[in-house]
Amino acid sequence: YNTNVITRFAYSTREGYSVNNPNKKNQDNFILAPNMCQTFHQHFFSVCDGHGQNGTQSSLLIKMKFANDVAEFIKIGKEQQKAV
């Protein structure tokens, strides 16, 4: 791997539009997980798009758990490949 690489990440999000609710809050979250599983240049990105009455809580739960679940799945897969 080239170690002279600079990697940058950015995100942008905004609240949706609702005619009946001009003060609608943004329910979105995002995941930036660079170098996942301590693997150089293996990055995980996700948009957690919240909707409805519990949209904020749902997108936050996904943000808190999903990257760890994916990392665990990768770890298990690597261990199974070594066993073969």
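Here is a short report on the structure shown in this document.

## Examining the overall build of the protein
So, step 1. Scanning the protein from N- to C-terminus turns up 1 helix and 2 strands.
So, step 2. Going from N to C terminus, the protein has its helices and strands arranged as β-β-α.
So, step 3. In terms of principal-axis extent, the alpha carbons of the protein reach across some 55 × 35 × 15 Å.
So, step 4. Per-residue burial for the protein yields a buried fraction of 17% across its 84 residues.
So, step 5. For the protein, the proportion of contacts with a sequence separation of at least 24, taken over those separated by at least 6, is 45%.
So, step 6. For the protein, the accessible surface area stands at approximately 7200 Å², while carbon and sulfur atoms represent 53% of it.
So, step 7. Computed over 9 positive and 6 negative side-chain charges, the separation of the two mean positions in the protein equals 5 Å.

## Side note on the state of the cysteines
So, step 1. Summed over the entire model, instances satisfying the criterion amount to 0 disulfides.
So, step 2. A disulfide-free cysteine, C37 has its sulfur positioned 18 Å from the sulfur of C48, the nearest such atom.

## Section: the packing of aromatic side chains
So, step 1. In this structure the tally under the stated criterion is 3 aromatic pairs.
So, step 2. For the pair F9 and F45, a centre-to-centre distance of 5.1 Å together with 55 degrees between the ring planes defines the contact as tilted. With F9 in the segment before β1 (29–33) and F45 in strand β2 (residues 44–48), the pair connects residues that are 36 residues apart, well separated along the chain.
So, step 3. On the numbers, 3.7 Å between centres and 25 degrees between planes, the contact of Y11 with F30 is stacked.

Cut-offs applied
- Residues numbered from 1 in each chain as written.
- Predicted model: local features only at pLDDT ≥ 70, side-chain atom pairs only at ≥ 80, totals over all residues.
- Heavy atoms only, no water.
- Helix = DSSP H or I, 4+ residues; strand = E, 2+ residues; numbered from the N terminus.
- Buried < 20%, exposed > 50% of the residue type's maximum accessible area, 1.4 Å probe, protein only.
- Contact = heavy atoms within 4.5 Å.
- Areas by Shrake-Rupley, 256 points an atom, 1.4 Å probe, with all protein chains shown as cover.
- Lys, Arg positive; Asp, Glu negative; His and termini not counted.
- Charge placed at Lys NZ, Arg CZ, Asp CG, Glu CD.
- Disulfide = S-S within 2.5 Å.
- Phe/Tyr/Trp six-rings, centres within 6.5 Å; stacked < 30°, edge-to-face > 60°.

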